Amino acid sequence: MTVTGIDFVALQVRDLERAAEFYQTRLGLKRAPGPPHAIVFATEPIAFAVREPLPGLDLPERPGAGVALWLKAGDAQRLHDELQAAGVPIVTPPVDGPFGRTFSFADPDGYVITIHDR
(Lines give C-alpha, C1' and ligand atoms only; values in the text may rest on other atoms or scores of the structure.)
Protein backbone atom coordinates (compact mmCIF):
# COMPACT_ATOMS: atom_id res chain seq x y z
CA MET A 1 0.00 0.00 0.00
CA THR A 2 1.38 3.40 -0.98
CA VAL A 3 0.97 6.54 1.10
CA THR A 4 -0.20 9.37 -1.14
CA GLY A 5 1.10 12.38 0.78
CA ILE A 6 0.60 14.74 3.68
CA ASP A 7 -3.08 15.50 4.10
CA PHE A 8 -3.57 16.91 7.63
CA VAL A 9 -1.30 18.75 10.08
CA ALA A 10 -2.22 19.23 13.75
CA LEU A 11 -0.31 20.75 16.63
CA GLN A 12 -0.89 19.27 20.05
CA VAL A 13 -1.35 22.10 22.52
CA ARG A 14 -1.71 22.60 26.26
CA ASP A 15 -4.80 24.83 26.11
CA LEU A 16 -7.04 24.16 23.10
CA GLU A 17 -9.15 27.32 23.23
CA ARG A 18 -6.17 29.59 23.84
CA ALA A 19 -4.33 28.11 20.88
CA ALA A 20 -7.38 28.31 18.61
CA GLU A 21 -7.94 31.92 19.59
CA PHE A 22 -4.32 32.71 18.70
CA TYR A 23 -4.62 31.19 15.22
CA GLN A 24 -7.97 32.85 14.64
CA THR A 25 -6.89 36.26 15.92
CA ARG A 26 -3.28 36.37 14.79
CA LEU A 27 -3.50 34.47 11.49
CA GLY A 28 -7.13 35.03 10.58
CA LEU A 29 -7.92 31.33 10.30
CA LYS A 30 -11.58 30.32 10.26
CA ARG A 31 -12.93 27.29 12.12
CA ALA A 32 -14.25 24.31 10.18
CA PRO A 33 -16.14 21.21 11.38
CA GLY A 34 -13.98 18.73 13.25
CA PRO A 35 -13.88 16.19 16.07
CA PRO A 36 -14.56 17.31 19.65
CA HIS A 37 -10.93 17.00 20.78
CA ALA A 38 -9.60 19.40 18.12
CA ILE A 39 -10.28 22.69 16.44
CA VAL A 40 -9.84 22.39 12.69
CA PHE A 41 -9.32 25.40 10.48
CA ALA A 42 -10.50 25.87 6.90
CA THR A 43 -7.04 25.81 5.31
CA GLU A 44 -6.18 24.63 1.83
CA PRO A 45 -4.80 22.49 0.35
CA ILE A 46 -3.86 20.76 3.62
CA ALA A 47 -6.10 20.90 6.68
CA PHE A 48 -4.54 22.39 9.82
CA ALA A 49 -5.72 22.02 13.40
CA VAL A 50 -4.82 22.41 17.03
CA ARG A 51 -5.78 19.55 19.25
CA GLU A 52 -5.60 18.21 22.76
CA PRO A 53 -2.51 16.10 23.42
CA LEU A 54 -2.74 12.36 22.95
CA PRO A 55 -3.46 10.51 26.20
CA GLY A 56 -0.40 10.28 28.43
CA LEU A 57 1.63 12.94 26.58
CA ASP A 58 3.19 15.72 28.65
CA LEU A 59 4.22 18.42 26.23
CA PRO A 60 7.78 19.58 26.87
CA GLU A 61 8.67 23.25 27.17
CA ARG A 62 9.53 23.25 23.45
CA PRO A 63 6.95 20.82 22.08
CA GLY A 64 8.57 19.35 18.99
CA ALA A 65 6.89 16.18 20.23
CA GLY A 66 3.64 18.11 20.07
CA VAL A 67 3.39 17.85 16.29
CA ALA A 68 0.93 15.27 15.01
CA LEU A 69 1.65 14.10 11.48
CA TRP A 70 -1.21 12.61 9.45
CA LEU A 71 -0.66 10.85 6.17
CA LYS A 72 -3.33 9.87 3.68
CA ALA A 73 -3.45 6.36 2.25
CA GLY A 74 -5.77 4.69 -0.22
CA ASP A 75 -6.74 1.90 2.18
CA ALA A 76 -5.93 2.56 5.85
CA GLN A 77 -7.12 -0.83 7.06
CA ARG A 78 -4.90 -2.69 4.61
CA LEU A 79 -1.88 -0.56 5.56
CA HIS A 80 -2.64 -1.15 9.25
CA ASP A 81 -2.75 -4.89 8.69
CA GLU A 82 0.56 -4.82 6.80
CA LEU A 83 2.30 -2.73 9.48
CA GLN A 84 0.93 -4.88 12.29
CA ALA A 85 2.07 -8.05 10.53
CA ALA A 86 5.54 -6.51 10.21
CA GLY A 87 5.70 -5.89 13.97
CA VAL A 88 5.29 -2.11 13.79
CA PRO A 89 3.81 -0.85 17.08
CA ILE A 90 0.18 0.15 16.61
CA VAL A 91 -0.63 3.03 18.95
CA THR A 92 -4.33 3.42 18.15
CA PRO A 93 -6.27 0.62 16.44
CA PRO A 94 -8.34 1.42 13.35
CA VAL A 95 -11.58 3.34 13.88
CA ASP A 96 -14.04 5.02 11.57
CA GLY A 97 -14.33 8.76 12.15
CA PRO A 98 -14.53 12.12 10.43
CA PHE A 99 -11.38 11.33 8.45
CA GLY A 100 -12.43 7.85 7.33
CA ARG A 101 -10.68 4.73 8.61
CA THR A 102 -7.96 6.00 10.94
CA PHE A 103 -5.17 4.44 13.00
CA SER A 104 -1.81 5.46 14.45
CA PHE A 105 1.54 3.72 14.64
CA ALA A 106 4.96 4.50 16.11
CA ASP A 107 7.92 4.88 13.78
CA PRO A 108 11.38 3.58 14.76
CA ASP A 109 12.12 6.79 16.71
CA GLY A 110 8.82 6.71 18.54
CA TYR A 111 7.08 9.45 16.55
CA VAL A 112 3.39 8.73 16.28
CA ILE A 113 2.11 8.86 12.69
CA THR A 114 -1.61 8.79 11.96
CA ILE A 115 -2.93 7.27 8.75
CA HIS A 116 -6.37 7.94 7.33
CA ASP A 117 -8.10 7.13 4.08
CA ARG A 118 -10.68 9.84 3.50
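Preceding this section is the structure that the text describes.
Every value quoted in this text rests on a predicted model; they were computed, and no experiment measured them. (Residues numbered from 1 in each chain as written. Predicted model: local features only at pLDDT ≥ 70, side-chain atom pairs only at ≥ 80, totals over all residues. Heavy atoms only, no water.)

**Remarks on the pairing of strand β4 (residues 47-51)**
Note on strand geometry: in a regular strand, side chains alternate between the two faces of the sheet. In terms of burial, β4 is a largely internal element, 5 of the 5 residues being buried. Burial along β4 is two-sided: Ala47, Ala49 and Arg51 facing one way and Phe48 and Val50 facing the other are all buried. As defined by bridge partners, strand β1 (residues 3-12) adjoins β4 across 5 bridges and the pair is classed as parallel. Each residue of the ladder has a partner; that of Val9, found in β4, is Phe48. Sheet topology note: the strand β3 (residues 38-41)/β4 ladder contains 4 bridges and is antiparallel. Each bridged residue has a counterpart across the sheet, and for Phe41 the counterpart in β4 is Phe48. Linking two consecutive strands that pair antiparallel, namely β3 and β4, is a turn of 5 residues. (Buried < 20%, exposed > 50% of the residue type's maximum accessible area, 1.4 Å probe, protein only. Helix = DSSP H or I, 4+ residues; strand = E, 2+ residues; numbered from the N terminus. Pairing = 2+ DSSP bridges.)

**Quick word on the nonpolar core**
Among the nonpolar cores identified, the biggest contains 10 residues, and these are Val13, Leu16, Ala19, Ala20, Tyr23, Leu29, Ile39, Phe41, Phe48 and Val50. Of all the secondary-structure elements, those providing two or more residues to this core are α1 (16-27), β3 and β4. For this core, the element with the most residues is α1, which contributes 4 residues. Not counting residues within four places of it along the chain, the set of residues in contact with Ile39 comprises Leu16, Glu17, Ala20, Arg31, Phe48, Ala49 and Val50. The next biggest cluster of nonpolar side chains, apart from the first, holds 9 residues, and it includes Leu79, Phe103, Phe105 and Ile115. (Core = buried A, V, L, I, M, F, W, Y, C linked by side-chain atoms within 4.5 Å. Contact = heavy atoms within 4.5 Å.)

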